[in-house]
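# Structural overview
Each chain, letter by letter, is given below.
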Amino acid sequence: MKNRGRGRGFVRVVGILTVIFVAGTGAALGFALAGTVNIMNQENFQEFAPALPTKILDINGVLITEFSADEKRELISLADLPRHLIYAVLAREDPDFYRHRGFSVRGIARAAYGLLTGRNLGGGSTITQQVAGTLYTDRSERKISRKIRELWWAIQMERRYTKNEILEIYLNYMYMGPGVYGVEAASKYFFGHSAKDISLAEAAILVIQLSSPSRYNPLDNPNSAMDRQLSVLDRMVEFGYTTSAEAEASFNEYWENYDYTRVSRAAYFSRDDKAPWFSEYVRRELDSMMYRTMDYYRDGYTVHTTLDLNFQNAAQGYMEEGIARANREYRLSSGNRLVRAEQMYIPIIDLLSLAFDVNILRDSSKERNETRAINRYTKALNPVVDLAALAFGLEDMKYISNAGFLELKARAEENVVEGAMIVIENETGHIKAIIGGSKYDENNQLIRATQGHVMPGSSFKPLYYSAAIDSGKFTPASLIYNTPVVFYNEDGTPYIPLNFRGEWTGPVLLYEALAHSMNVPSIKILDTIGFDAAIDRASLLLGITDPAAKRRTFPHLYPIGLGIISIAPIQMARAFAVFANEGREVVPIAIRYIENRNGTVIIDNERDIRLEQRRKGNAVQLISPQNAYVMTGLLKKTVETGTLGGQGYKFVYENEKGERHRIAAAGKTGTTQNWSDAWTVGFTPYYTTAIWFGFDKPGNSLGLTLTGATLAGPIWGDFMREIHRGLPAKDFKRPGTGVVDLRVCVKSGQLATPACNQGTVTLTFMDRFRPVEYCTYHEGDSEYRTQIAISTLRGGVTAFDDSDVLSSLRMPTLDINALPAASPRSVGNTASNAPATSGDAGGAGYEEFQPDLAPPALDRFELPSYNPLME
């Protein structure tokens, strides 16, 4: 009886505990149910909206790249996946998936037993529970209440969804690697192809990512991944999903072709990107447009851009060749200079320091040896130190190697030639291509085409020549004397501009001075029209509207006339595109419009820009069509006979019938002081392209052989020829009124007569400022020739009133009685007493012009000796 009583007591205890457990479970389920919100809506798979990347498309609808931050995902239908991938998932994660109702009692018991015994017997969650936990709970939470909520949601999902729908959500939603979600994105990340084409061994690799993406990442831990991959393949053989022979053959093929040199990187930098520089520019534009309102990393937008991948690919190819050539020639020229210096001067310095005990010289020799040692360490030894630090886990050594890489990067910024290109469609402002530098990666993201603030050199001159043409003080045929001149700034310090290689040509016409990039005539033009007029016109064309930015960019100093300012290539392209667009404003555009994941246009950027331009009315006409056409005519001369003369033939095309036609082209080169920057900015009636080469940090020189005409010019010509192939012949649109073409004498700039036997040229003038006098130079009037020589000399040479300058200059020997009386005038507001040498080497079409109008004894006018390499 006692035993029977004890048995009944035990039953009562068990019953009470059961009631308590059921009540507790019911309460927990009740709380879980109370915490759910609108279950029906959240369960609807048709409204299931996982994080999707934003697609970036070019002008023709071709995919450029996709943006995703922590979630790189591509949805794929279960019907499109191969059977062996599905079998691999079932074998590894949930063999009873198609038999249970959302949970597995056996799996829960196994997981609980493993938890109590401290053994890893696998998780107890079914595929449905994993989906429910991922969608509706925080799986990082380690609580019984979270498991109960997960179970609740799993039961509800099984009630609302089919098994295939649950499995499809699972294969598209789960995290499977560094920044990738779902089997499609993971397959492309790990294997470089769609999950549709996945092999048996690759399927096993993907499946093991579901349990531990970091531990079994084949890129980081190939040995661990290999072991777990074998276990999955064995399970598939065990369940009859494949044969041992098939599994072994696929396994061997995978590892025989495995790339052990590849490392794991975030999906953002591992993404397929056909135009990374342009994509980064678009991403920054999206940041501005969507700031705190939309998440383009997760919300699955489609961004329709202006890029043409055909243009981008051509630009990439030409710029890679150009940057490689520039660095090759720079290293050669700088290396030769250093070798000559070390062989000739350094032994002398060492000898002097020892002979006369000159500590400064000895210290400089010591610093040179230290610099040489640092260079050797950063280039040769630091990579070995870094490898050893990684191999043996030496954190202190890794810190040292990182410092070495930072030093190497800093030196590279000073000694590596970079380049940039941007292409704009004149009529629309569409950006057709962007090259921001040598190679886009984590360490090189400065988009020099849009962010680079570099000196444009002589390519800047046309901007204020435009103001000069409008002033009426100059025409394309104005006669300007090209001879050494000293200009003075407001504080009295002199500024002495020099031409490229120190060459002087005497009197020249304005069009020739611009075509051959002569500096002194350009500074005279700036001096005549005044700084305010020049700066206002340049700011207008460059799109600089903020008064503070305008003051920072353009000091009232003479060097601005030679492009000694800081602006970006996109601004120069915009300014030149205005000339090509009949003087109308050109706003560079990269993003046309944006659609959400449902195909609805949510931002129409191009429409907004057009509406804004329409609201501006006449203000959209930045300069008159007449001024734009005259400036275009001047810049065409650069391509015909000036510093781009070797590129003109590239714009002649031949059709299938053998008929030839020409597309008009115009442009300007630029080379800054010390040959540190090389530019070409040029345009056709269709497109404008700006190209720059130089250094990220100033201080180095490209060398005499790398100029705007010799480096940037040929690349501009080759690229423009390629992108215009197949386009019809086209010339720049001529205004209906206000301009006139006239033939003038190349000597006097006056209207040509039959006596002008030394050459004539046809130039375009604004009608109200056309020349009206006929040339008398070639009529044998010696008195006239004498007068024009004297007047030109008086207008071109400044009287010197500075004793310092007088002591360093030798004035020409002149017959004072032959000169009319004149009071000295002081020209200028200048910036520096250093000689300016920006300008360009002549192109293939250049022929030096030797005029007859040189004044007496001009050959005895000498400036102090000048060595351009010593700047």
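Worth saying up front: this structure is predicted, and the values here are computed from it rather than measured.

### Considering the overall build of the protein
Helix and strand counts for the protein come out as 28 helices and 21 strands. A total of 871 residues make up the protein; the buried ones form 50% of that total. For the protein, restricting intrachain contacts to residue pairs at least 6 apart in sequence, the fraction spanning at least 24 positions comes to 74%.

### Concerning the pattern of salt bridges
One pass over the full model with this rule turns up 28 salt bridges. Through salt bridges with shared partners, a single ionic network connects E280, R283, R284 and D287.

### Concerning the environment of V740
Inspection of the secondary structure assignment puts V740 in strand β20 (residues 739-745). Spatially, the C-alpha atoms of V740 and L763 are 8.4 Å apart, while their sequence positions differ by 23 residues.

### Some thoughts on the nonpolar core
F278, L286, I434 and L542 are the most contacted members of the largest nonpolar core, which totals 104 residues. With nine residues, helix α23 (residues 569-580) is the largest single contributor of residues to this core. Residue contacts for F278: discarding those within four places in its chain leaves I64, T305, T306, L307, I431, I434 and A590. Of all hydrophobic cores here, the second largest spans 56 residues; its members include I86, I198, A201 and A247.

### Examining the sheet that holds strand β2 (residues 63-67)
Strand order in the open sheet formed by five strands is β2-β1-β6-β13-β14, and the pairing between neighbours is mixed. The open sheet has two edge strands with one neighbour each: β2 and β14 (601-603). Along the sheet, successive strands turn relative to each other by an average axial angle of 30°, direction set aside. One ladder, built from three bridges, connects strand β1 (residues 54-57) with strand β6 (residues 302-305); its direction is parallel. When the sheet's bridge partners are listed, K55 is paired in β6 with T302.

### With respect to the environment of G182
Position of G182 relative to the elements: it lies in the loop between β5 (180-181) and α8 (183-191). In this structure, the C-alpha to C-alpha distance between G182 and L210, residues 28 residues apart in sequence, is 9.5 Å. What G182 contacts, discounting residues up to four positions off in sequence, is L171, N172, Y173, M174 and M176.

### Overview of unusual backbone geometry
The backbone phi angle of E582 is positive, close to 60°, even though this residue is not glycine. As for its placement among the helices and strands, E582 is situated in the loop between α23 and β13 (591-595). One non-glycine residue, W675, lies in the positive phi region at around 55°. Topologically, W675 is positioned in the loop between β17 (666-671) and β18 (678-683).

### Focus: the packing of aromatic side chains
Within the structure shown, the criterion is met by 25 aromatic pairs. By the ring-pair criterion, three or more aromatic residues cluster together here, those being Y189, F190, F191, F251, Y254, W255 and Y258. Note that K163 overlies the ring of F97, its terminal NZ or CZ placed 4.5 Å from the centroid. Lying over the aromatic face of Y653, R721 brings its terminal NZ or CZ to 5.1 Å of the ring centre.

### A short note on the packing of helix α18 (residues 461-471) against helix α21 (residues 531-542)
The N-to-C vectors of α18 and α21 enclose an angle of 120°; their axes lie 8 Å apart at closest approach. Put simply, α18 runs oblique to α21. Crossing angle aside, the handedness with which α18 passes α21 is right-handed. Contact residues: α18 offers L463, Y464, S466, A467 and D470, while α21 offers A533, A534, R537, A538, L541 and L542. Per-class residue counts for the contact of α18 with α21 are eight nonpolar, one polar and two charged.

### Some points on the state of the cysteines
Applying the stated criterion across every chain, the model contains zero disulfides. Sulfur of C745: no disulfide; nearest cysteine sulfur belongs to C775 and is 3.9 Å away. Overall, the relative accessible area of 0% leaves C745 in the buried class. In this structure C756 is not part of a disulfide, and its nearest cysteine sulfur, from C775, lies 3.7 Å away.

### Topic: the confidence of the model for the protein
Of all residues in the protein, 69% have pLDDT values of 70 or greater, and the mean over the chain is 78. For the stretch residues 792-816, pLDDT sits under 50, and the model shows 45 contacts to residues farther than four places along the chain or on other chains.

### Quick word on the packing of helix α9 (residues 200-209) against helix α10 (residues 222-238)
It is at 9 Å that the axes of α9 and α10 come closest, and there the two elements cross at 110°. Relative to α10, the element α9 lies roughly perpendicular. For the crossing formed where α9 meets α10, the hand is right-handed. Every residue of α10 that contacts α9 at L200, A201, A204, I205 and I208 is listed here: A225, R228, Q229, V232, L233 and M236.

### Focus: helix α7 (residues 163-173)
Since the α-helix advances by 3.6 residues per turn, residues separated by three or four positions end up pointing in the same direction. α7 sits mainly inside the fold: eight of its 11 residues count as buried. By the burial criterion, the buried members of α7 are K163, I166, L167, I169, Y170, L171, N172 and Y173.

### Quick word on helix α24 (residues 605-616)
A rise of 1.5 Å per residue sets the reference length of α24, with its 12 residues, at 16 Å; its end C-alpha atoms lie 17 Å apart and thus fit the reference within 8%. Three or more residues of α24 are buried, namely N605, E606, I609 and Q613. When α24 is viewed along its axis, its buried side chains cluster within an angular range of 100° and face the same direction. The exposed set on the far side of α24, more than 90 degrees from its buried face, consists of R614 and R615. Lining the buried residues of α24 we find α13 (276-289), β13 and β14. G617 sits one or two positions beyond α24 and adopts a positive phi of about 65°.

### Some thoughts on the sheet that holds strand β3 (residues 72-73)
Spatial ordering of the open sheet is given by β3-β5-β4, a layout of three strands whose pairing is mixed. What marks the edges here is a single partner per strand, and that holds for β3 and β4 (175-177).

### Re the side chain of E158
Assignment of secondary structure puts E158 in helix α6 (residues 144-160). Overall, the relative accessible area of 16% leaves E158 in the buried class. In this structure the side chain of E158 is engaged in a polar contact, spanning 2.9 Å, whose partner is the side chain of K163. The contacts of E158, once residues within four sequence positions are left out, are H100, R101, G102, T128, K163 and I166.

### As for the pairing of β20
Taken across its seven residues, β20 has five buried, putting it largely inside the fold. Relative to strand β21 (residues 760-766), β20 is paired through seven bridges, and the arrangement is antiparallel. Note on β21: the bridge partner recorded for C745 is T760.

### Focus on the environment of R552
Mapping R552 onto the fold places it in helix α22 (residues 547-553). The spacing of R552 and I565 is 13 residues in sequence and 9.2 Å in space, taken between C-alpha atoms.

About the cut-offs
Residues numbered from 1 in each chain as written. Predicted model: local features only at pLDDT ≥ 70, side-chain atom pairs only at ≥ 80, totals over all residues. Heavy atoms only, no water. Helix = DSSP H or I, 4+ residues; strand = E, 2+ residues; numbered from the N terminus. Buried < 20%, exposed > 50% of the residue type's maximum accessible area, 1.4 Å probe, protein only. Contact = heavy atoms within 4.5 Å. Salt bridge = Lys/Arg side-chain N within 4 Å of Asp/Glu carboxyl O. Core = buried A, V, L, I, M, F, W, Y, C linked by side-chain atoms within 4.5 Å. Pairing = 2+ DSSP bridges. Axes fitted to C-alpha atoms, helices over the stretch in contact; angles between N-to-C directions. Phe/Tyr/Trp six-rings, centres within 6.5 Å; stacked < 30°, edge-to-face > 60°. Lys NZ or Arg CZ within 6 Å of the ring centre and 35° of its normal. Parallel < 35°, antiparallel > 145°, perpendicular 65-115°, else oblique. Left-handed = near helix turned anticlockwise from the far one by under 90°. Nonpolar A, V, L, I, M, F, W, Y, C, P; charged D, E, K, R; others polar. Disulfide = S-S within 2.5 Å. pLDDT = per-residue confidence, 0-100. Expected span 1.5 Å × (residues − 1). Arc of directions from axis to C-beta. Polar contact = N/O pair within 3.5 Å; in protein donor to acceptor, adjacent residues only side chain to side chain.

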